[in-house]
Amino acid sequence: MKQGIHPAYRQVVFHDTTADAYFVVGSTIKTDRTIEHEGKVMPYVLLDVSSASHVYYTGKQKEFAKEGSAARFSQRFGGFLGVMKK
């Protein structure tokens with residue numbers, strides 16, 4: 001490898017502010033912030049969303065694929081349609 005052309009690869013602390021979770025990951029991201037984590041001063045990056053807070057990974061998303069749209073419509077408004085038929 002050529003010397004001096006590659007970015008500095010180091011351990012960085014990522015903080016998911018939504019879930020208040022900290023991740024230490026190897027990265028080349030540039031940041032001016034630092035934090036003391038486990039007795040070491042490390043580069044620090046704030047995140048809004050990570051796997052700890054994203055609905056896809058936490059399983060808190062709504063599951064619409066289990067039924068069809070017609071079944072959902074009947075479930076919501078079936079009572080109103082029964083009243084109108086009389």
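Here the structure is a predicted model, which is why all the values come from computation and not from measurement.

**A short note on the pairing of strand E4 (residues 40–47)**
In step 1: Pairing of strand E1 (residues 10–16) with E4, which is carried by 4 bridges, proceeds in the parallel orientation. Bridging from a neighbouring strand, Phe14 pairs with Val45 of E4.
In step 2: Bridge analysis of strand E3 (residues 34–37) against E4 gives 4 bridges, and the strand direction is antiparallel. Opposite Ile35, over in E4, you have Met42 as the bridge partner.

**Side note on a nonpolar patch on the surface**
In step 1: Nonpolar side chains collect at one region of the surface, where Phe73, Phe77 and Phe80 lie side by side and expose about 330 Å² of accessible area between them.
In step 2: For Phe77, the location among the structural elements is in helix H2 (residues 69–85).
In step 3: Judged by its relative accessible area of 34%, Phe77 falls in the partly exposed class.

**Thoughts on unusual backbone geometry**
In step 1: For Asp20, which is not glycine, the phi dihedral falls at a positive 50 degrees.
In step 2: Here Asp20 is to be found in the loop between E1 and strand E2 (21–27).
In step 3: Positioned with a positive phi, Glu38 is a non-glycine residue whose angle comes to about 55 degrees.
In step 4: Glu38 sits in the exposed class, given a relative accessible area of 73%.

**Topic: the sheet that holds E2**
In step 1: Here 4 strands make up an open sheet; going across it, the order is E2-E1-E4-E3 and the pairing mixed. Two strands bound the open sheet, and with one partner strand each, they are E2 and E3. Neighbour to neighbour, the strand axes of the sheet diverge by 45 degrees on average, direction disregarded.

**Observations concerning the pairing of E2**
In step 1: Here 7 bridges tie E1 to E2, and the two strands are oriented antiparallel to one another. Among the inter-strand pairings, Val13 is bridged to a residue of E2, identified as Val24.
In step 2: Linking two consecutive strands that pair antiparallel, namely E1 and E2, is a turn of 4 residues; a positive phi of about 50 degrees is found at Asp20 within it.

Criteria and cut-off values
Residues numbered from 1 in each chain as written. Predicted model: local features only at pLDDT ≥ 70, side-chain atom pairs only at ≥ 80, totals over all residues. Heavy atoms only, no water. Pairing = 2+ DSSP bridges. Helix = DSSP H or I, 4+ residues; strand = E, 2+ residues; numbered from the N terminus. Patch = residues over 30% accessible without salt bridge, like charges linked within 9 Å, V, L, I, M, F, W, Y side chains within 5 Å. Areas by Shrake-Rupley, 256 points an atom, 1.4 Å probe, with all protein chains shown as cover. Salt bridge = Lys/Arg side-chain N within 4 Å of Asp/Glu carboxyl O. Buried < 20%, exposed > 50% of the residue type's maximum accessible area, 1.4 Å probe, protein only. Axes fitted to C-alpha atoms, helices over the stretch in contact; angles between N-to-C directions.

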